[in-house]
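# Observations on the model geometry
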Amino acid sequence: MKAIVDLNLCIGCGACEGICPQVFRMESDGLAHVIEGADCDAAGCCPDAAESCPVAAIAVE
Ligand code: SF4
């Protein structure tokens, strides 16, 4: 499983990082980025993070 953040949609609320800090990190641009090499399967929280995103910016595939 892999997570992708659509940076054109992200509003920088920080919810994904709060729920799944193993995978998502707020960067200096104020937006959430997927940590390089992060493993959604090991973290187990990518679907929850995607569901919590208020603007549906996170795709998990
Ligand atoms: S939950 Fe969605 S809008 Fe909020 S920081 Fe994460 S990707 Fe961006």
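Structure report, in brief. Since the structure is predicted, the reported quantities are computational estimates derived from the model, not experimental observations. (Residues numbered from 1 in each chain as written. Predicted model: local features only at pLDDT ≥ 70, side-chain atom pairs only at ≥ 80, totals over all residues.)

Below, the discussion takes up the site of the ligand. The ligand sits among 14 residues. The nearest are C10, C13, C16, A32 and C53. Classifying every residue of the shell around the ligand by side-chain character gives 12 nonpolar, 2 polar and no charged. (Near = placed C-beta within 6 Å. Nonpolar A, V, L, I, M, F, W, Y, C, P; charged D, E, K, R; others polar.)

On to the nonpolar core, then. Ranked by internal contacts, the top residues of the largest apolar core, which has 15 residues, are C16, V23, C46, A49 and I58. Elements with a contribution of two residues or more to this core: β1 (3-5) and α3 (46-52). The residues touching I58, leaving out its near neighbours within four places in the chain, are A3, V5, C16, A49, A50 and C53. (Core = buried A, V, L, I, M, F, W, Y, C linked by C-beta atoms within 7 Å. Buried ≥ 20, exposed ≤ 12 C-beta atoms within 10 Å, placed from the backbone. Helix = DSSP H or I, 4+ residues; strand = E, 2+ residues; numbered from the N terminus. Contact = placed C-beta atoms within 7 Å.)

Here the focus is the environment of C10. Residue placement: C10 occurs in the loop between β1 and α1 (15-19). Residue C10 is classed as buried on the basis of its 21 C-beta neighbours within 10 Å. The sequence separation of C10 and D48 amounts to 38 residues, and the corresponding C-alpha distance is 16 Å. Ignoring sequence-local partners within four residues, the contact set of C10 consists of V5, L31, A32, V55 and A57.

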